[in-house]
Amino acid sequence: MKTKNNRFDVVIIGAGVIGCAIARELSKYKVNVAVLEKEDDVGWGISCRNSGVVHAGFNNKPGTLMAQFCVEGNKSFAELCSQLDVPYKKIGKLVVAKKKEEIKGLQKLKQQGDTNGVDNLQIIDLNEVKRLEPNIEGIAALYSPETAITSPYLLTIALAENALDKGVSFFLNTEVKSIIRLNNSHFRIKTNKREFTSSYVINSTGIYSDYIARMVGINKYRIYPCRGEYHILDKNVSWLINHLVYPVPQAGVGGLGIHLTPTIDGNILVGPSNEYIKSKDNLSVTSSVMKVLSSEAREFLPLISPGYIIRSYSGLRAKQAPSSEGGFWDFVIEESGIVNNFINLIGIESPGLTAAQPIAKRVVEIINKKERLDFDPSFNPFRKGILRFEEQNEETKKTLIKQEPDYGEIVCRCEKVTKKEILEAVNNPLGARSLISIKYRTRAMMGRCQGGYCQNRIMEILRESFKLSPQEITLKGNNSYLLTGYRSNEVSKSCQKEKLLSLEEELLV
Amino acid sequence: MPEREVIIIGGGAAGLAAAVACKQKGIEDILIIERGDYLGGILQQCIHDGFGLEKFHTSLAGPEYAQRYIDQVKEKEISFLLNSMVVSLTPQKEVIVVNNNGLTHYQARIIILAMGCRERTRGAIGIPGARPSGIYTAGAAQELINLKNYMIGEKIVILGSGDIGLIMARRLTLEGVEVITVAEKLPYSSGLPRNINQCLYDFDIPLLLSHTVIDIEGNGRLSGVTIAQLGKRGGIIPGSRRKIACDTLLLSVGLIPENELSREAGIILDNITGGPQVDERGQTNVPGIFACGNVLQVHDIVDNVSLEAEYIVEGVAEYLEGKLNKEREIKVELEKGLRHVVPQTLIRFKDTIFSFRVNQPGEKKVLVFTDGKRVIKKKFLRRVNPAEMIRVKLISSELEEIKTLKVRLV
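Draft legend 1. Broad picture of the sheet that holds strand E8 (residues 148-150) of chain A. Taken in spatial order, the 3 strands make up an open sheet running E3-E8-E4 (chain A), and their pairing is antiparallel. Strands with a single pairing partner mark the edges of an open sheet, and in this sheet they are strand E3 (53-54) and strand E4 (88-89) of chain A.

Draft legend 2. Expanded view of the pattern of salt bridges. Residue and element names in this part refer to chain B. This structure, assessed with the given rule, holds 52 salt bridges over all chains. Arg348 is the salt-bridge partner of Glu318, the closest N and O atoms lying 3.7 Å from each other. Note that Glu318 is positioned in helix H8 (residues 302-320) and Arg348 in the loop between strand E20 (345-346) and strand E21 (352-358), a separation of 30 residues in sequence. On the basis of relative accessibility, which here comes to 15%, the residue Glu318 falls in the buried class.

Draft legend 3. Molecular detail of the environment of A:Asn59. Residues and elements named next belong to chain A. Within the element layout of this structure, Asn59 appears in the loop between E3 and helix H2 (65-84). Accessibility expressed as a relative area gives 22% for Asn59, which makes it partly exposed. Those residues in contact with Asn59, other than ones at most four positions away along the chain, are Lys93, Leu109, Gln112, Pro249 and Leu256.

Draft legend 4. Structural detail: the domain arrangement of chain B. Residues and elements named next belong to chain B. Domain annotation of chain B identifies domain 1 (1-119 + 254-325), domain 2 (121-253) and domain 3 (326-410). Computed over C-alpha atoms only, the centres of domain 2 and domain 3 are separated by 35 Å. The partner domain 3 presents 7 residues to the 6 residues of domain 2 that form the contact. Regarding the contact of domain 2 and domain 3, the summed buried area is about 420 Å², with carbon and sulfur atoms giving 67% of it. The largest contributions to the domain 2 side of the interface with domain 3 come from Tyr188, Leu192 and Pro193, which together make up 77% of the buried area. For the pair domain 2 and domain 3, the interface holds 0 salt bridges. At the surface where domain 2 touches domain 3, the tally comes to 1 residue pair in polar contact (both at pLDDT 80 or more).

Draft legend 5. Region of interest: the interface of chain A and chain B. On the chain B side, the residues contacting the 47 residues of chain A number 43 residues. For the pair chain A and chain B, the two sides together bury roughly 3700 Å², of which 52% comes from carbon and sulfur. Run the count over chain A and chain B and you get 3 salt bridges. Salt-bridge contacts for A:Arg413 lead to B:Glu258; the nearest nitrogen and oxygen are separated by 2.6 Å.

Draft legend 6. Spotlight on unusual backbone geometry. Omega for the peptide link from A:Ser350 to A:Pro351 comes to 5°, which places this bond in the cis form. The omega torsion across B:Val342 and B:Pro343 is 5°, close enough to zero to call that bond cis. One non-glycine residue, A:Asn120, adopts positive backbone phi at about 65°. As for its placement among the helices and strands, A:Asn120 is situated in the loop between helix H3 (101-116) and strand E6 (122-125). In this structure A:Asn120 comes out as partly exposed when scored by relative accessible area, which is 49%. Although it is not a glycine, B:Asn83 adopts a positive phi angle of roughly 50°. The exposure class assigned to B:Asn83 is partly exposed, which follows from its relative accessible area of 33%.

Draft legend 7. Main features of the packing of helix H5 (residues 163-174) of chain B against helix H6 (residues 193-200) of chain B. Residues and elements named next belong to chain B. It is the contact of H5 with H6, at a shortest axis distance of 8 Å, that shows an interaxial angle of 20°. Accordingly, the angle class assigned to the pair H5 and H6 is roughly parallel. The hand of the H5/H6 crossing is left-handed. Side by side, H5 and H6 meet where Asp163, Leu166, Ile167, Ala169 and Arg170 of the first sit next to Asn195, Ile196, Gln198, Cys199 and Leu200 of the second.

Draft legend 8. Summary view of helix H2 (residues 62-75) of chain B. Residue and element names in this part refer to chain B. The end-to-end C-alpha distance of H2 is 20 Å, a good match for the 20 Å that 14 residues give at a rise of 1.5 Å each. For H2, the complete set of buried residues consists of Gly62, Tyr65, Ala66, Tyr69, Ile70 and Val73. Summarising the contacts, the buried residues of H2 are in contact with helix H1 (13-24), strand E2 (30-33), strand E3 (79-81) and H8. Looking at the residues trailing H2, positive phi occurs at Glu77, about 55°.

Draft legend 9. Seen up close, the sheet that holds strand E12 (residues 211-217) of chain B. Residues and elements named next belong to chain B. Within the open sheet, the 3 strands sit side by side as E12-E13-E14. Their pairing is antiparallel. Single-partner strands in this sheet number two, and they are E12 and strand E14 (242-245). Strand-to-strand, the axes of this sheet are offset by a mean angle of 30°, without reference to chain direction. Judged from the 4 bridges that link them, strand E13 (residues 224-229) and E14 form a sheet pairing that is antiparallel. When the sheet's bridge partners are listed, Thr226 is paired in E14 with Lys243.

Draft legend 10. Quick look at the side chain of B:Glu34. All names here are of chain B. Structurally, Glu34 can be placed in the loop between E2 and H2. Among buried charged residues, Glu34 stands out as having no salt bridge; its nearest opposite-charge side chain is Arg35, 5.2 Å away. A polar contact is formed between the side chain of Glu34 and the backbone nitrogen of Gly11, at a distance of 2.8 Å. Those residues in contact with Glu34 that lie beyond four places of it in its chain are Gly10, Gly11, Gly12, Leu39, Leu81, Leu82, Asn83 and Ser84.

What counts, and where the lines are drawn
Residues numbered from 1 in each chain as written. Chains lettered and ligands numbered in written order. Predicted model: local features only at pLDDT ≥ 70, side-chain atom pairs only at ≥ 80, totals over all residues. Heavy atoms only, no water. Pairing = 2+ DSSP bridges. Helix = DSSP H or I, 4+ residues; strand = E, 2+ residues; numbered from the N terminus. Salt bridge = Lys/Arg side-chain N within 4 Å of Asp/Glu carboxyl O. Buried < 20%, exposed > 50% of the residue type's maximum accessible area, 1.4 Å probe, protein only. Contact = heavy atoms within 4.5 Å. Domains from an automatic or database assignment. Buried area = accessible area lost by both parts, 1.4 Å probe. Polar contact = N/O pair within 3.5 Å; in protein donor to acceptor, adjacent residues only side chain to side chain. Axes fitted to C-alpha atoms, helices over the stretch in contact; angles between N-to-C directions. Parallel < 35°, antiparallel > 145°, perpendicular 65-115°, else oblique. Left-handed = near helix turned anticlockwise from the far one by under 90°. Expected span 1.5 Å × (residues − 1). Lys, Arg positive; Asp, Glu negative; His and termini not counted.

Here's what the structure looks like:
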């Protein structure tokens, strides 16, 4: 459904989980949609750097969009994941009180959850805590069986692929530089690559949403980056916990406290910290926070040891609340009052992942009210992901190798990812070509050796698949090149010439 | 299910030497399973020389050293599988192998673990800072440069003075790369003295002891690192921070024996070595599963890997003949000065080779073996170094009567 001259009905800026969910939701209608993303792949901002939790909705203030969409999102998440072939596990969550004073906090949370319409919340005593989590220290807990986990990046990729399949155009490595309002019904969007025009612009740029809004003169928003650092633990110690384990939240802090999250792949995440920072692209990890994470986690889980850590990383929260205030401000999902057809999504922080689908629906409602979109009966909500060899039973594995011998070549030994899976990821429909794109799609390089064994092999597969020169392979797009230090062909030729000459000269002498 | 007398997991230095030794002991039915597409393992990317001085009394390059064994494997018609990954190992010695031909179960009477090591990564040692490209472990860089003919950068800082890092400092210098410095967290190097001389000092590359990387910069590609000096207690010395512009950080910060399969088979690991706990024949707590080479303990030189593999095959042969009986079991206990010992237990009390690593460098030391108050053996060591393994043989007459065994370095 490519349109002429890069003209679209709707341009979505930002291909995070929200942007992709909106794209998919819009693809149910007869509209031309483009998604612009500055990175080399979808979901590389906030969406791939969080705990991957499908929240139940008891942390949010009753009456807020956060509360409403979180509860709604939670209830429909399993279906969404099954449609999109994305992993989902309802493992439940414990908010654990360590001291008597904190039990009040549990009751407050439960009350809030009940008001919000969260099902099956219960306060459990020490014995029950020990039964559910033998390794956790605590005296009581709020048990939320409805809390689940998913893979945030696989979900983002799946939403994007499903939308792509329905004709939504994705433009990667495309950074918006300016937005000009042409007349009452059109925008011209200039990027580092080409120009787009559209009737609607949806600003789903997370941490940069205030910056993008300012491009059309909307100055009322301000987003503060608030960094959260995590440790990832080796799969060998996944037995340490069975549920998500959280502390009782502290008032005035813009996060949920350092918690323990089992990931869908069997690792445990420790984190995130909560630190307002200046820069919107500083994803560093710091030695001070790394130490705090370990010590706070040990308060819950005395068995944790630094030797279990295989990697540390950080993500940013897009906070509207300034650091002086802390806490959560409600999601802003609205058409701008001053610029028609410009829809802003501001302050989409936790529980943004859980709420992605309801948020997308709300955005489409806003457009639908004005445009009366035509439903497209050809919409197919189903999408297939990359089949994981390791998760199949033995008979299936045998058949797979027989049909496709590349399944018999295990490239990533830690996560047991086969060459066939790598090839499918390399040839992903969105056209993302960096190592991180392959990592998120397959889990290769995510294990305990962190690509020590397979990264070289994957670079080779990538290079062969697209006949790339070594210098063209990147870790994560842009200038994150991996193989470098070559003299360019021209230089090396001239060097050879000089060498030859000097040799001849020497001979002459 | 296909059955095999001996299955060797890993076709590197240890696996090849074990296979050849098995054949020499008259064991016919051997299968080596190798996940790579060639035999020889890491030796094939070690194109520098210095291998084989002990074993063959000549200096060989890594591939030459490997070839001596590969030739024997082929000559003796020992069977091997390439591009084949062992994905499962049970305590009953059943092995599942995946390769292009399918998924196959094998039943072995003996398993020899020879999977080697992996490299410790940035994540495991927790270097703070940004997460750009341009951070390589030394071995991965060695593979890229020596086997794939790629380059990895122009200006490089190396963290850790392990032997692979030192070798790579020289290798990269020869390729025209500027190796700015090698920073080592400890007050002494963890590499062999000969490598420090031949790879750093001969090329004027500074070795900064008690230094580490405390920050990494770079959005896409790495653009610089900050190093700092560490005080006696490991804290950063104020004023010692120094930013270095570079495009690559190479890590040579240690090796971890690759024991995921061992764990799955219920093998008990030694927390210090990272390898299985074994008796003097290299047998783990699971009868019939043996270990040798770097999967058992990180070795200093490959000659010792080969010697160890040959040595444990004595036990393999005894096991197959039903002669590897446990007489009684005692634990080898370490006292001061020593970091680890292999074997961790004794069951036979015949001639035994012990391997040790010391905690700190030192001179004029004595290794003392005692049984209660009785001194069994003393060995004088002119110089000790954590980088070098100490191998000491005790003979059966020294071990026969012992009730306990304690070892210390004084």
